[in-house]
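# Working through the structure, step by step
So the chains spell out like this:
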Amino acid sequence: MKILSVKPQKPPLYRLCLDNGKAVLLDASIVWDFDLREGTELSEARFREIIRAAVSLKVYNFAVKRLFYRDYSAAEMLDKLSEEFRSKDICRQVVERLTAEGSINDERYADRIAYKCIAVKKYGRQRVLRELKSRGISRFTAEDSVSRYEEKFPENILYLLTTKYFRILTDKRDMKAVNRVKSSLARYGYGFAEINRAINEYFTDQLEEQ
């Protein structure tokens, strides 16, 4: 097939008219990279290569716009792109490119989420790991990120007891109240052993203050 004309449209697009009656809109970078001009002869294979490059660029630009607003894990971005575009192969290649460029970095993303969950929301270890897993972070990467904040968990559970549950924990013998707090802390992602230890420490401190 032959290119009959290459006409600029709304930047950065060009409209290519072909002698088979087809017309395609291509990004200027595709036109320049493939040296597309009036009179150029294109084989079917070459034309498919051009269209694939154009789709890949469209997918890449879509991903970059999303990353402008927030971070994504590689798995999250792949899911997002797969919702918008049919070519799973191109979507995977774009995610690989963004990862190689450093625009997507699961370790950095996991550390940011872990910090927010632990330092701000005061979640326990298991809750943080679930949050990271739900964002497509691998178990190894999640464990590595959480391990940097291990010393925070005892501090956080005591913080919750003294600021969130102190009105409930007024009597160690009130097992209904104590179990209510234990259940809530379990939902925060703390293990029962650390919950029991923290509650015992809390009541010990309260007794000493009295």
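Please refer to the structure higher up on the page.
The notes below deal with the structure included here. Nothing here was measured: the structure is a model prediction, and the numbers come from that model.

### Quick look at helix 7 (residues 139-147)
- Taken together, the buried positions of helix 7 are occupied by Thr 141, Ala 142, Ser 145 and Val 146. Buried residues of helix 7, seen end-on, are gathered within an arc of 130 degrees and therefore sit on one face of the element. Turned more than 90 degrees away from the buried face of helix 7 sit Arg 139 and Phe 140, all of them exposed.
- In this structure, the buried residues of helix 7 make contact with helix 5 (106-120), helix 6 (125-134) and helix 8 (152-163).

### Structural notes on the pairing of strand 2 (residues 13-18)
- Where strand 1 (residues 3-8) lies against strand 2, five bridges are found, and the strand directions are antiparallel. For Lys 7, the partnering residue across the bridge sits in strand 2 and is Arg 15.
- Where strand 1 hands over to strand 2, the hairpin turn is made up of four residues, counted between the paired strands.
- As paired strands, strand 2 and strand 3 (residues 23-27) are joined by five bridges and run antiparallel to one another.

### A closer look at unusual backbone geometry
- Following Pro 11, the chain continues into Pro 12 via a peptide bond in cis, with omega recorded as 5 degrees.
- Among the structural elements, Pro 12 can be located in the loop between strand 1 and strand 2.
- Backbone geometry places Asp 35, a non-glycine residue, at a positive phi of 50 degrees.
- Structurally, Asp 35 can be placed in the loop between helix 1 (28-33) and helix 2 (44-69).

### Comments concerning the packing of helix 2 against helix 3 (residues 74-84)
- Where helix 2 meets helix 3, the axes come as close as 11 Å, and the angle between the chain directions of the two elements is 130 degrees. Taken as axis vectors, helix 2 and helix 3 run oblique relative to one another. Like other packed secondary-structure pairs, helix 2 and helix 3 cross with a definite hand, here right-handed. In contact with Val 59, Phe 62, Ala 63, Arg 66 and Leu 67 of helix 2, helix 3 contributes Met 77, Lys 80, Leu 81 and Glu 84.
- Along the lines of polarity and charge, the residues of the contact of helix 2 with helix 3 split into six nonpolar, no polar and three charged.

The rules behind each value
Residues numbered from 1 in each chain as written. Predicted model: local features only at pLDDT ≥ 70, side-chain atom pairs only at ≥ 80, totals over all residues. Heavy atoms only, no water. Buried < 20%, exposed > 50% of the residue type's maximum accessible area, 1.4 Å probe, protein only. Helix = DSSP H or I, 4+ residues; strand = E, 2+ residues; numbered from the N terminus. Arc of directions from axis to C-beta. Contact = heavy atoms within 4.5 Å. Pairing = 2+ DSSP bridges. Axes fitted to C-alpha atoms, helices over the stretch in contact; angles between N-to-C directions. Parallel < 35°, antiparallel > 145°, perpendicular 65-115°, else oblique. Left-handed = near helix turned anticlockwise from the far one by under 90°. Nonpolar A, V, L, I, M, F, W, Y, C, P; charged D, E, K, R; others polar.

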